[in-house]
Amino acid sequence: MRKTPRVTIGVPVYNGEEFLGETIASIAAQTFQDYEVIISDNASLDATEAICREYAARDARVRYVRNERNVGAARNFGQLVTLASGEYFKLANADDLCDPPLVAQCVAVLDAHCEVVLCYGKTTLIDGKGNVLGRYEDNLDLRQPRATDRFHLARRQVKLVNILQGVMRTAALRRTGQLGAYFASDLVLVPELALYGQFHELSESLFYRRMHAGASSSITTVEGEWQYWDPLAGQGRKAPASTWQHHYGYARAVLRAPLPLGEKLDLLWGVLRYAVADRD
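*Asks:* Please give an account of the overall build of the chain that cites residues and values.
*Replies:* A tally of regular secondary structure across the chain gives 11 helices and 9 strands. Its C-alpha atoms give the chain principal-axis dimensions of about 55 × 50 × 40 Å. Taken over 280 residues, the chain has a buried fraction of 55%. Accessible surface computed for the chain: about 12800 Å², of which carbon and sulfur atoms make up 53%. Where the 32 positive side-chain charges of the chain centre and where its 33 negative ones centre are 5 Å apart.

*Asks:* How would you sum up the packing of helix α5 (residues 147-157) against helix α7 (residues 186-194)? Please name residues and give values.
*Replies:* Packed helix pairs are specified by the crossing angle of their axes together with the interaxial distance, meaning the distance between the axes. For the pair α5 and α7, interaxial distance at closest approach is 7 Å and the crossing angle is 160°. Judged by the inter-axis angle, α5 sits roughly antiparallel to α7. At the point where α5 passes α7, the crossing takes the right-handed sense. Between α5 and α7, the residues in contact are A147, R150, F151, A154 and R155 and V190, P191 and A194, respectively. In terms of residue class, the contact of α5 with α7 is built from 6 nonpolar, no polar and 2 charged.

*Asks:* If you had to explain the side chain of T8 to someone new, which residues and values would you point to?
*Replies:* With respect to the helices and strands, the residue T8 is situated in strand β1 (residues 7-13). Polar contacts involving the side chain of T8 include one to the main-chain amide nitrogen of G86, which spans 2.9 Å. Setting aside chain neighbours within four positions, we find T8 in contact with E36, I38, A84, S85, G86, Y88, F89 and K90.

*Asks:* Go over the packing of helix α1 (residues 20-28) against helix α2 (residues 48-58) with me, naming the residues and quoting the values.
*Replies:* The geometry of α1 relative to α2 is characterised by a closest axis approach of 10 Å and an angle of 25° between their N-to-C directions. As far as their axial angle goes, α2 and α1 are roughly parallel. By crossing handedness, the relation of α1 to α2 is classed as right-handed. Between α1, through L20, G21 and I24, and α2, the contact on the second element is made entirely by T48, I51, C52 and Y55. Classifying every residue of the contact of α1 with α2 gives 5 nonpolar, 2 polar and no charged.

*Asks:* Break down the environment of L255 for me, with residues and values.
*Replies:* Counting through the fold element by element, L255 comes out in helix α10 (residues 242-256). The class for L255 is exposed, based on a relative accessible area of 53%. Residues L255 and L265 lie 10 residues apart in sequence; the distance between their C-alpha atoms is 9.1 Å. Filtering out sequence-adjacent residues up to four positions away, L255 remains in contact with K264 and L268.

*Asks:* Please give an account of the environment of L97 that cites residues and values.
*Replies:* On the secondary structure map, L97 appears in strand β5 (residues 97-98). For L97, a relative accessible area of 18% gives the class buried. For the pair L97 and T124, spaced 27 residues apart in the sequence, the C-alpha separation amounts to 9.8 Å. Residues contacting L97, with those up to four places away along its chain left out, are E22, T23, S26, I126, L206, F207, Y208 and R210.

*Asks:* So what's going on with the nonpolar core? Residues and values would help.
*Replies:* In this structure, F89, L118, L140, L164, V190, L195 and F199 are the most contacted members of the largest nonpolar core, which totals 46 residues. Contributing elements (two or more residues each) for this core: α3 (72-83), β4 (88-91), β6 (116-126), α5, α6 (170-175), α7, α10 and α11 (261-277). Setting aside chain neighbours within four positions, we find L195 in contact with A147, R150, F151, A253, V254, A257, L259 and L267. V7, F32, V62 and Y64 belong to the second-largest nonpolar core, a separate cluster that totals 31 residues.

Conventions adopted
- Residues numbered from 1 in each chain as written.
- Predicted model: local features only at pLDDT ≥ 70, side-chain atom pairs only at ≥ 80, totals over all residues.
- Heavy atoms only, no water.
- Helix = DSSP H or I, 4+ residues; strand = E, 2+ residues; numbered from the N terminus.
- Buried < 20%, exposed > 50% of the residue type's maximum accessible area, 1.4 Å probe, protein only.
- Areas by Shrake-Rupley, 256 points an atom, 1.4 Å probe, with all protein chains shown as cover.
- Lys, Arg positive; Asp, Glu negative; His and termini not counted.
- Charge placed at Lys NZ, Arg CZ, Asp CG, Glu CD.
- Axes fitted to C-alpha atoms, helices over the stretch in contact; angles between N-to-C directions.
- Parallel < 35°, antiparallel > 145°, perpendicular 65-115°, else oblique.
- Left-handed = near helix turned anticlockwise from the far one by under 90°.
- Contact = heavy atoms within 4.5 Å.
- Nonpolar A, V, L, I, M, F, W, Y, C, P; charged D, E, K, R; others polar.
- Polar contact = N/O pair within 3.5 Å; in protein donor to acceptor, adjacent residues only side chain to side chain.
- Core = buried A, V, L, I, M, F, W, Y, C linked by side-chain atoms within 4.5 Å.

Given below as structure tokens:
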């Protein structure tokens with residue numbers, strides 16, 4: 001009987017044949033080897049399935065799951081979290097890379113500090129050919145003891161959401177709303193995670209975010225956003241007021257969090273102030 005792995009590495013993918021092999025290779029090269037890899041394929045139309053099945057046949061730790069239809073990024077992420085069996089969870093987008101020590105260093109921090117809910121490495125941006133574009137400062141090393149302070153700082157400072165490809169506590173992630181099926185819901189998940197514990201940034205640049213024409217960050221149309229986040233609901237619909245969806249998400253996150261009533265009321269007042277400031 002195979003023992004439960006300490007880390008689940010979840011790889012959501014849709015038509016990822018161009019970079020998927022490099023991503024899986026960077027996972028296989030990790031110095032920390034007590035992991036499982038779950039690849040959730042969102043009904044890809046290219047060679048993604050063949051690539052995944054080849055790696056799964058080669059390594060028993062790799063599990064391939066294929067959706068019958070494209071359920072969108074949010075639901076695909078949720079499926080990975082549901083299937084995860086590891087104490088820790090690492091998201092690995094199918095076009096990004098990480099250096100061999102990343103998982104080991106993150107696990108060491110989480111093992112040593114129970115107050116930390118997420119540990120991540122500094123980010124380097126690369127292009128489609130792997131050329132370095134420059135360093136990116138996430139500025140989300142949040143070790144403040146109060147959840148309220150961490151929440152407000154995370155909301156103000158999160159932009160590219162690279163830190164979700166660090167290593168986090170699976171149990172804490174499951175207590176959140178995870179990703180909502182609306183535009184840029186990952187911007188809500190980061191502050192919500194901050195309500196459950198501290199964020200720890202490693203001193204080394206160990207994560208490589210690939211900026212290319214096919215990346216989600218390059219989507220410029222409403223139709224493209226719907227196709228990425230929620231294609232099942234997006235047909236024939238207009239763009240939603242995503243700013244208000246974010247504020248609603250913040251409020252629900254606060255209500256879910258295991259915090260004293262007074263702290264929740266303080267946070268809700270802050271969310272209301274954000275909404276008023278963004279009313280236009």
